[in-house]
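What follows is the residue order along each chain.
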Amino acid sequence: MQRRPGFPARLAGLPGPGGAPRAPRPVGPGLDFSAVRARMVQKLAAGGIASAAVLRAMGTVERHRFVDGALATQAYEDTSLPIGLGQTISKPYAVARMCELLLGAEGARTGGLGRVLEIGTGCGYQAAVLSLLAREVYTLERLHGLYDKARENLRPFRLTNVHLLFGDGMLGYARGAPYAAIIAAAGGDAVPPSWCEQLAVGGRLVAPMALTGRQQMLLVIDKTAQGLKQSVLEPVHFVLLKSGIA
Ligand code: SAH
């Protein structure tokens, strides 16, 4: 098999079990990506992701199965990649960071993460990660082509706690409410009121938002018995939250 340049070279220098250099391995669809995935997890930890549960989930879900075969060798780089229809799979760090924030919700700290609503299924990668962290995952996608793609991608994993939904996430999904957490993978300029309404007391919403109409920032809203508490964290780059279905 022809070896692709670049990515496999990174594996070539890794010492084998006895300290001897390991032969370079060809990388292609169907091959085992567990070593590169483990390195991705190491980098996430070095980058500040501290939750063992999140690191375990990121080390378990095979990200290369959620991108086109031609992009599989880049699947464990910390980068977003095209998934069709002008959308992207989120960067691993962004997924890990947001999941870690969800686990920090008051309700999750005491009773574990219950029902989660994800806005923007895309290729289904983050939904798979969430399925390992939450009891139930409801995930909404507004583009039918991606809803179909996510269903195909997720089928082999047989994740019985993931509920794929086609619809406009701006409205949330009232039938599954209240949610222990809501996570958006697309950002607008204001948090839709339905999201706050559908959040449980003790629950947390994590979403990218351009509140001032300019730079997108990671936003955390905690719903407490006293009301909503908002924190604005670091700048982020997510695709646009759009209304309606297509
Ligand atoms: N969760 C994905 C990220 C997908 S990108 C991952 O695992 O990487 C964000 C997705 O949000 C896109 O697929 C886009 O179509 C979708 N989106 C944007 N606005 C939406 C809305 N109002 N309702 C549902 N999905 C929406």
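See above for the structure.
Residues numbered from 1 in each chain as written. Predicted model: local features only at pLDDT ≥ 70, side-chain atom pairs only at ≥ 80, totals over all residues. Heavy atoms only, no water.

K.L.:
Explain the side chain of Thr-121 to me, please; I cannot follow it from the model alone.
P.N.:
Assignment of secondary structure puts Thr-121 in the loop between strand 3 (113-119) and helix 6 (125-131). Sequence-distant contacts of Thr-121, defined by excluding residues within four places in its chain, comprise Thr-139, Leu-140, Glu-141, Ala-150 and Leu-164. (Helix = DSSP H or I, 4+ residues; strand = E, 2+ residues; numbered from the N terminus. Contact = heavy atoms within 4.5 Å.)

K.L.:
Would you mind showing me how to read the sheet that holds strand 10 (residues 227-235) here?
P.N.:
Pairing between sheet strands relies on hydrogen bonds along the backbone, with the strands arranged either parallel or antiparallel. Pairing is mixed in the open sheet, where seven strands are placed in the order 5-4-3-6-8-9-10. The two strands at the open ends of the sheet, each matched to only one other strand, are strand 5 (162-166) and strand 10. In this sheet, adjacent strand axes meet at a mean angle of 15° when their direction is disregarded. The sheet contact formed by strand 3 and strand 6 (residues 179-184) spans four bridges and is parallel. Directly across from Leu-117, in strand 6, lies its bridge partner Ile-182. Along the sheet face, helix 4 (residues 92-103) touches strand 3, strand 6, strand 8 (199-209), strand 9 (217-224) and strand 10 and points at about 160° away from the line of strand 8. Helix 7 (residues 144-154) contacts strand 4 (134-141) and strand 5 of the sheet and is inclined by roughly 160° relative to strand 5. (Pairing = 2+ DSSP bridges. Axes fitted to C-alpha atoms, helices over the stretch in contact; angles between N-to-C directions.)

K.L.:
Help me understand unusual backbone geometry in this model?
P.N.:
Across residues other than glycine, the phi torsion is negative in most instances, and most of the peptide bonds are trans. For the bond from Ala-177 to Pro-178, the omega torsion is 0°, close enough to zero to count as cis. Tracing the chain through its elements places Pro-178 in the loop between strand 5 and strand 6. Although it is not a glycine, Leu-85 sits at a positive phi angle of roughly 55°. By the element assignment, Leu-85 lies in the loop between strand 1 (81-84) and strand 2 (87-89). Judged by its relative accessible area of 56%, Leu-85 is exposed. Positioned with a positive phi, Arg-158 is a non-glycine residue whose angle comes to about 50°. Looking at the element boundaries, Arg-158 is found in the loop between helix 7 and strand 5. For Arg-158, a relative accessible area of 72% puts it in the exposed group. (Buried < 20%, exposed > 50% of the residue type's maximum accessible area, 1.4 Å probe, protein only.)

No statement about biological role is implied by the geometric values presented.
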